[in-house]
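Chain residues, written in single-letter form:
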Amino acid sequence: MDKLEDMASVYEFDPLTGNIPATKVEITVSCRNLLDRDTFSKSDPRETEVIDNTLNPDFVRKYILDYFFEEKQNLPLVFVEFDKLLPPLLRLEKPLGVPEGTVQSLESRTDPPEGIPGKNCGTIILSAEELGNCRDSATMQFCANKLDKKDFFGKSDPFMVFYRSNEDGTFTICHKTEVVKNTLNPVWQPFTIPVRALCNGDYDRTIKVEVYDWDRDGSHDFIGEFTTSYRELARGQSQFNVYEVVNPKKKMKKKKYVNSGTVTLLSFSVESESTFLDYIKGGNFWFAVQFSGNPSQSTSLHYMNPYQMNAYALALKAVGEIIQDYDSDKMFPALGFGAKLPPDGRVSHEFPLNGNIENPYCNGIEGILEAYHQSLKTVQLYGPTNFAPVVNHVARYAAAVQDGSQYFVLLIITDGVISDMSQTKEAIVNAAKLPMSIIIVGVGQAEFDAMVELDGDDIRISSRGKLAERDIVQFVPFRDYMDRTGNHVLSMARLAKDVLAEIPDQFISYMKSRGIKPNPAPPPYTPPGHTHHTQI
């Protein structure tokens, strides 16, 4: 990427979509002739789903990536074999191979894994397709009747595999049903699948369905197949959606062969998936700034340099410019925590930056910066640095409006030091039940281990044995977007994308969990005693 693009401004970021211009690409992974590392069975590739006992897996789970034409995006894949024969504490993951490519070169390619010198580890097949904008999801249920008997001592254990056709005549796996044991007349559970996964929005694209008899050793017996399309399925339960299951080899060999059973569509419904933009009619953004250190010392992140902005001010301005695009009146409540307040020197962890308890709202980002600089002159940076009070402060407002008309986002600027980790975890677990998200922006060169833990991407945060209902925290280390001097943001567009990366999904997960549908824009929300409102 050239220098001009590196110095992208925030205006390249589209505040309506929350994304830098990109297209979404779905990557499908299959393998053939993998190296057999199991002594008593075949390998079990994983981190897609685990597929038992096969050296030729076709993975159902897809990888959906944002594809940027102007960037080289590396795509390393690590394949391991998961040994389930050992006791749980001794389970091993044995490497099969590590290929690496780029998204740009995928389209459709095969790669030999490079993992074990002198060994042929098999072939990895990667294919990519640009995804359409179809947001519908289809829910359907099937049953079958008089399927072929495949098991010697019992009936069959049938399951179905769905494939969508590709332009080159090949097929891509998109769904597997569960196995129904010991029956020739199975009724499968209803399942929901995105329409773009089933046909990528092309209603006439061929959908192939294969029916198998499940075998423990992975050598599933083929019963037969049939084809349909989304348009046909959308007719619902009718004579048009009763399909003959045909085994082509049997049909060629036996003149009197009719079919290997029938599959019937029992029900079909479609629902449009609501997006962030469908819901986002009202919201409140809160700012909270950690006060610690000595602002008169040049080593402090709060150092008041007359010639340039300090780290906190830079982060406030950069992230604030991103968030203000979502706000109509540009009025933001802003809090500070971890300082002694005049006149009595009491320590506070939720004081208004502008000094006005009744109305902590600041006029735009410049108003927040002005209030921040004024606070540095009037309060004493002290500590300890407790996060829980500001989380609980905003949570109280969120708890008062749980009808979906408002969503609260708390932005915390911190150096990573935290004195009340257990209380903060408890506050976050409680806030996860509310219409609320938290963005933590770390400034300085600390390790930020505690902030990564609060983020909960790898391990969902918990408190007193209680797991958070949702992941509501996004952590962003500000230094990753700065130049070497630490005085300039290299790419506002990248910072914008990462700051807001998880908010849409967090927002929608709350709305869906409460069964809240998108509504027309509500009247502006004004907290009791406040004269201003913040509305997206």
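Attention here is on the structure that accompanies the text. (Residues numbered from 1 in each chain as written. Predicted model: local features only at pLDDT ≥ 70, side-chain atom pairs only at ≥ 80, totals over all residues. Heavy atoms only, no water.)

## Re the pattern of salt bridges
For the structure shown, the criterion picks out nine salt bridges. Note that arginine 464 is salt-bridged to glutamate 426, the shortest N-O span being 3.6 Å. Taken together, the residues span a long stretch of sequence, with arginine 464 in the loop between β26 (462-463) and β27 (466-467) and glutamate 426 in helix α9 (residues 421-431) at a distance of 38 residues. The class for arginine 464 is exposed, based on a relative accessible area of 75%. Each of Lys317, Glu321 and Glu366 takes part in one network of salt bridges that share partners. (Salt bridge = Lys/Arg side-chain N within 4 Å of Asp/Glu carboxyl O. Helix = DSSP H or I, 4+ residues; strand = E, 2+ residues; numbered from the N terminus. Buried < 20%, exposed > 50% of the residue type's maximum accessible area, 1.4 Å probe, protein only.)

## Section: the nonpolar core
Judged by nonpolar contacts, the single largest core of 49 residues is most densely connected at Phe291, Leu353, Ile368, Tyr372, Phe478 and Leu495. Among the elements that take part in this core, helix α6 (residues 311-323) stands out by supplying nine residues, more than any other. The next biggest cluster of nonpolar side chains, apart from the first, holds 36 residues, and it includes Ala288, Leu335, Ile428 and Val473. (Core = buried A, V, L, I, M, F, W, Y, C linked by side-chain atoms within 4.5 Å.)

## A closer look at unusual backbone geometry
In terms of backbone geometry, most residues other than glycine have negative phi values and most peptide bonds are trans. Here proline 342 and proline 343 are connected by a cis peptide whose omega angle stands at 0°. Within the secondary structure, proline 343 sits in the loop between β19 (339-341) and β20 (346-348). Of note, asparagine 182 is a non-glycine position whose phi angle comes to about 50°, a positive value. With respect to the helices, strands and loops of the structure, asparagine 182 is situated in the loop between β11 (171-176) and β12 (191-194).

## Quick word on the pairing of strand β18 (residues 331-337)
Extensive coverage of β18 is indicated by the burial of seven of its seven residues. The alternating pattern of β18 places Met331, Pro333, Leu335 and Phe337 and Phe332, Ala334 and Gly336 on opposite faces, both of which are buried. In this structure, strand β17 (residues 284-290) lies alongside β18, joined through four bridges in parallel fashion. Its bridge partner being in β18, phenylalanine 287 is matched across the sheet by alanine 334. In terms of strand pairing, β18 meets strand β21 (residues 351-352) through two bridges, oriented antiparallel. Bridge pairing in β21 places leucine 335 opposite proline 352. (Pairing = 2+ DSSP bridges.)

## Examining the packing of helix α8 (residues 388-399) against α9
Contact geometry of α8 with α9 gives a least axis separation of 8 Å together with a crossing angle of 20°. When the axis of α8 is compared with that of α9, the two are roughly parallel. Relative to α9, the crossing made by α8 is left-handed. Residues Ala388, Val391 and Asn392 of α8 form the contact with α9, whose participating residues are Gln423, Thr424, Ala427, Ile428 and Ala431. Split by residue class, the contact of α8 with α9 holds five nonpolar, three polar and no charged. (Axes fitted to C-alpha atoms, helices over the stretch in contact; angles between N-to-C directions. Parallel < 35°, antiparallel > 145°, perpendicular 65-115°, else oblique. Left-handed = near helix turned anticlockwise from the far one by under 90°. Contact = heavy atoms within 4.5 Å. Nonpolar A, V, L, I, M, F, W, Y, C, P; charged D, E, K, R; others polar.)

## Considering the packing of aromatic side chains
Within this structure, the stated rule accounts for 16 aromatic pairs. Considering the side-chain rings of phenylalanine 162 and phenylalanine 191, the 5.5 Å spacing of their centres and the 65° angle between planes classify their relative orientation as edge-to-face. You can see phenylalanine 162 sitting in strand β10 (residues 158-165) and its partner phenylalanine 191 sitting in strand β12, a full 29 residues away along the chain. Each of the two residues, phenylalanine 162 as well as phenylalanine 191, counts as buried. (Phe/Tyr/Trp six-rings, centres within 6.5 Å; stacked < 30°, edge-to-face > 60°.)

## Some points on the packing of α6 against helix α7 (residues 364-378)
Two quantities define a packed helix pair, namely the angle between the helix axes and the distance between the axes. One can describe the packing of α6 onto α7 by two numbers: an axis separation of 10 Å at closest approach and a directional angle of 160°. It follows from the interaxial angle that α6 and α7 lie roughly antiparallel. As α6 packs across α7, the resulting crossing turns out to be right-handed. Seen from α6, the contacting residues are Tyr312, Ala313, Leu316, Lys317, Gly320 and Glu321; seen from α7, they are Ile365, Glu366, Ile368, Leu369, Tyr372 and His373. Across the contact of α6 with α7, the residue classes break down as seven nonpolar, two polar and three charged.

## So, helix α12 (residues 503-513)
All of the buried residues in α12 are Ile503, Pro504, Gln506, Phe507, Ile508, Tyr510 and Met511. Directly after α12, the chain includes glycine 515, whose backbone phi takes a positive value near 65°.

## Section: the environment of valine 417
Here valine 417 lies in the loop between β24 (408-414) and α9. The partly exposed category is assigned to valine 417, whose relative accessible area is 46%. Sequence separation between valine 417 and threonine 385 is 32 residues; the distance between their C-alpha atoms is 6.7 Å. Those residues in contact with valine 417 that lie beyond four places of it in its chain are Gln290, Thr385 and Phe387.

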